[in-house]
Amino acid sequence: MILFSVFSSIALVSSVMVIRAKNPVHSVLFFILVFFNTSGLLVLLGLDFFAMIFLVVYVGAIAVLFLFVVMMLNIKIAEIHENVLRYLPVGGIIGLIFLLEIFFIIDNDYIPILPTKLSTTYLTYTVYAEKIQSWTNLETLGNLLYTTYFILFLVSSLILLVAMIGAIVLTMHKTTQVKRQDVFRQNAIDFKTLSIAQKITQSDPK
Amino acid sequence: MEFAPICVYLVISLLLSLILIGVSFLFASSSSLAYPEKLLAYECGFDPLDDAKSRFDTRFYLISILFIIFDLEVTFLFPWAVSLNKIGLFGFWSMIVFLLILTIGFIYEWKKGALDWE
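What counts as what
- Residues numbered from 1 in each chain as written.
- Chains lettered and ligands numbered in written order.
- Predicted model: local features only at pLDDT ≥ 70, side-chain atom pairs only at ≥ 80, totals over all residues.
- Heavy atoms only, no water.
- Helix = DSSP H or I, 4+ residues; strand = E, 2+ residues; numbered from the N terminus.
- Buried < 20%, exposed > 50% of the residue type's maximum accessible area, 1.4 Å probe, protein only.
- Areas by Shrake-Rupley, 256 points an atom, 1.4 Å probe, with all protein chains shown as cover.
- Core = buried A, V, L, I, M, F, W, Y, C linked by side-chain atoms within 4.5 Å.
- Contact = heavy atoms within 4.5 Å.
- UniProt positions renumbered as here; feature names shortened; annotations may be inferred.
- Salt bridge = Lys/Arg side-chain N within 4 Å of Asp/Glu carboxyl O.
- Polar contact = N/O pair within 3.5 Å; in protein donor to acceptor, adjacent residues only side chain to side chain.
- Phe/Tyr/Trp six-rings, centres within 6.5 Å; stacked < 30°, edge-to-face > 60°.
- Lys NZ or Arg CZ within 6 Å of the ring centre and 35° of its normal.
- Axes fitted to C-alpha atoms, helices over the stretch in contact; angles between N-to-C directions.
- Parallel < 35°, antiparallel > 145°, perpendicular 65-115°, else oblique.
- Nonpolar A, V, L, I, M, F, W, Y, C, P; charged D, E, K, R; others polar.
- Patch = residues over 30% accessible without salt bridge, like charges linked within 9 Å, V, L, I, M, F, W, Y side chains within 5 Å.
- pLDDT = per-residue confidence, 0-100.

> Explain the overall build of chain B here, please?
What chain B contains, in helices and strands, is four helices and zero strands. A buried classification covers 22% of the 118 residues belonging to chain B. Only carbon and sulfur atoms are counted for the fraction: they give 72% of the accessible area of chain B, which is about 9,000 Å².

Set out below in structure tokens:
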């Protein structure tokens, strides 16, 4: 219980600090802290694979992408002296809508404090699959992902393909042509078959 | 639980980094800390002419995006490798199709020379 409160409170505080920090690099660092604490929460839920994947993919790749964007934009800290209350009406409404959306997801029976569940026994969620034989998180995921839900899996591969090709198409331009050596052609040069002009340039010590 | 060693490891690494930062704060004399001339950029003794940031090369971003893509491919390989005896031939071939689709992207990237640097 104490670990849950530690992780969730640090996650909430650092997610607020993401938008409140003056330096954009600080806000990316708080963002990384949010991911670390969320990964800790996932470990508490018993999803150890997803916790490690959060660290590898989210922190190791997505937060790094954010850092690259911050580096690219070249924001000087002194330029940010905005009035915070300017965005409060619209931002507050959108934030409130996101908060209310959470109640669509949470089933009211799982929250002990709400008036529908005023009993004194704490409601625990029983994972019946765990009681029969204990599989690791990886095994349960792998058992279903490649057989029952294989279409979603192949769709995800298509999404990754689109991302790869899209990134290359958008950032490559003509000036990124590289001069390469053709090793086989260089090895196949025979002195007898060279022309006079080539021989002169080749015998030049420079 | 079995994650207790990870907790111990986290606490020790946190302590170590706090000690490393804190000792330098303790033992530095306050007069030699940051005064404005010390914090300026060094340009061979001249006054700094321009901002230190040069133009950002987009190739870094492309490398990190391609790293994400192949990292996710490896992430999908992990549960498959563990549960291969249960999913049988169908699971095997679905992963092979996944790898083939990503190999198409890999061939495209190789032929285009997306990771070549001058």
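Picking up after the structure, the text goes on.
> When you look at the nonpolar core in this model, what are you seeing that I'm missing?
Most often, soluble globular proteins have nonpolar side chains that are buried together. Counting 24 residues, the largest nonpolar core has Y146 and F153 of chain A together with L62, M95, F98 and L102 of chain B as the members making the most contacts within it. Breaking this core down by element, the ones donating at least two residues are α3 (48-73) and α7 (150-171) of chain A together with α3 (58-82) and α4 (84-112) of chain B. With seven residues, α3 of chain B is the single largest residue contributor to this core. When residues no more than four places from it in sequence are discounted, the contact partners of L102 of chain B are S157, L160, L161 and M164 of chain A together with I69 and E73 of chain B.

> Help me out: how do you make sense of the UniProt feature "transmembrane region" (unreviewed entry) in chain A in this one?
All names here are of chain A. The UniProt record marks residues 6-21, 28-47, 53-75, 87-106 and 144-170 with the feature "transmembrane region" (unreviewed entry), using the residue numbering of this structure. From the first C-alpha to the last, residues 6-21 spans 21 Å; its make-up is 94% helix and 0% strand. In this annotation, residues 28-47 is assigned 85% helix and 0% strand; the end-to-end C-alpha distance for the span is 25 Å.

> Could you clarify how one ought to interpret the UniProt feature "transmembrane region" (unreviewed entry) in chain B in this entry?
Residues and elements named next belong to chain B. Residues given the UniProt feature "transmembrane region" (unreviewed entry) here are residues 6-28, 60-81 and 87-108. Helix makes up 96% of residues 6-28 and strand 0%, and the two end C-alpha atoms of the span are 34 Å apart. With 100% helix and 0% strand, the stretch residues 87-108 has end C-alpha atoms that lie 31 Å from each other.

> What am I meant to see in the interface of chain A and chain B here?
Often the size quoted for an interface is simply the accessible area lost on bringing the parts together. Chain A puts 46 residues into the contact, and the matching count from chain B is 46 residues. Here chain A is connected to chain B by one salt bridge. The closest approach of N and O atoms between E139 of chain A and K86 of chain B, which form a salt bridge, is 3.4 Å. Linking chain A to chain B there are five residue pairs in polar contact (both at pLDDT 80 or more). The set of elements that each furnish at least two residues to the side of chain A that touches chain B consists of α3, α6 (137-145) and α7 of chain A.

> Quick question: what am I supposed to make of the packing of aromatic side chains here?
Each aromatic ring pair is specified by the distance between its two centres and by the angle formed by the two planes. Under the counting rule described, the total for this entry stands at 16 aromatic pairs over all chains. Relative to F92 of chain B, the ring of W80 of chain B has its centre 6.1 Å away and its plane inclined at 25°; by these criteria the two rings are stacked. Remark: F92 of chain B occurs in helix α4 and W80 of chain B occurs in helix α3; sequence separation between them is twelve residues. Judged by its relative accessible area of 29%, F92 of chain B is partly exposed. Through a chain of ring-to-ring contacts, the aromatic side chains of F31, F35, F54, Y58 and F66 of chain A assemble into a single cluster. Between the NZ or CZ atom of K86 of chain B and the centre of the ring of W135 of chain A, over which it lies, the distance is 5.2 Å.

> Help me understand the packing of α7 of chain A against α4 of chain B, please; the structure alone is not making it clear to me.
Two quantities define a packed helix pair, namely the angle between the axes and the distance from one axis to the other. Taken N-terminus to C-terminus, the directions of α7 of chain A and α4 of chain B make an angle of 5°; their axes are 10 Å apart at the nearest point. Relative to α4 of chain B, α7 of chain A is oriented roughly parallel. Residue composition of the contact of α7 of chain A with α4 of chain B, grouped by class: 19 nonpolar, four polar and two charged.

> Quick question: what am I supposed to make of α6 of chain A here?
Think of an α-helix as 3.6 residues a turn; residues three or four steps apart then line up on the same face. Among all positions of α6 of chain A, only N137, E139, G142 and L145 of chain A are buried. The inward-facing, buried residues of α6 of chain A contact α3 and α7 of chain A together with α3 and α4 of chain B.

> What is the right way to look at a nonpolar patch on the surface in this model?
All names here are of chain A. On the surface, a cluster of nonpolar side chains totalling about 850 Å² of accessible area is made up of M1, I2, L3, F4, V6, I10, L33, F36 and L44. Looking at the nonpolar patch, the elements with two or more residues in it are α1 (2-20) and α2 (24-44). If one sorts the elements of the nonpolar patch by residue count, α1 sits on top with five residues. You can call V6 partly exposed: its relative accessible area is 37%.

> How do you make sense of the confidence of the model for chain B when you look at a structure like this?
One rule of thumb: low pLDDT means the predicted coordinates there are not for detailed reading. All names here are of chain B. The predicted model of chain B has a mean per-residue pLDDT of 84, with 80% of residues at 70 or higher. Across chain B, the element-wise mean pLDDT spans from 69 in helix α2 (residues 36-39) up to 92 in α4. Quick note on the complex model: pTM equals 0.73, ipTM equals 0.77.

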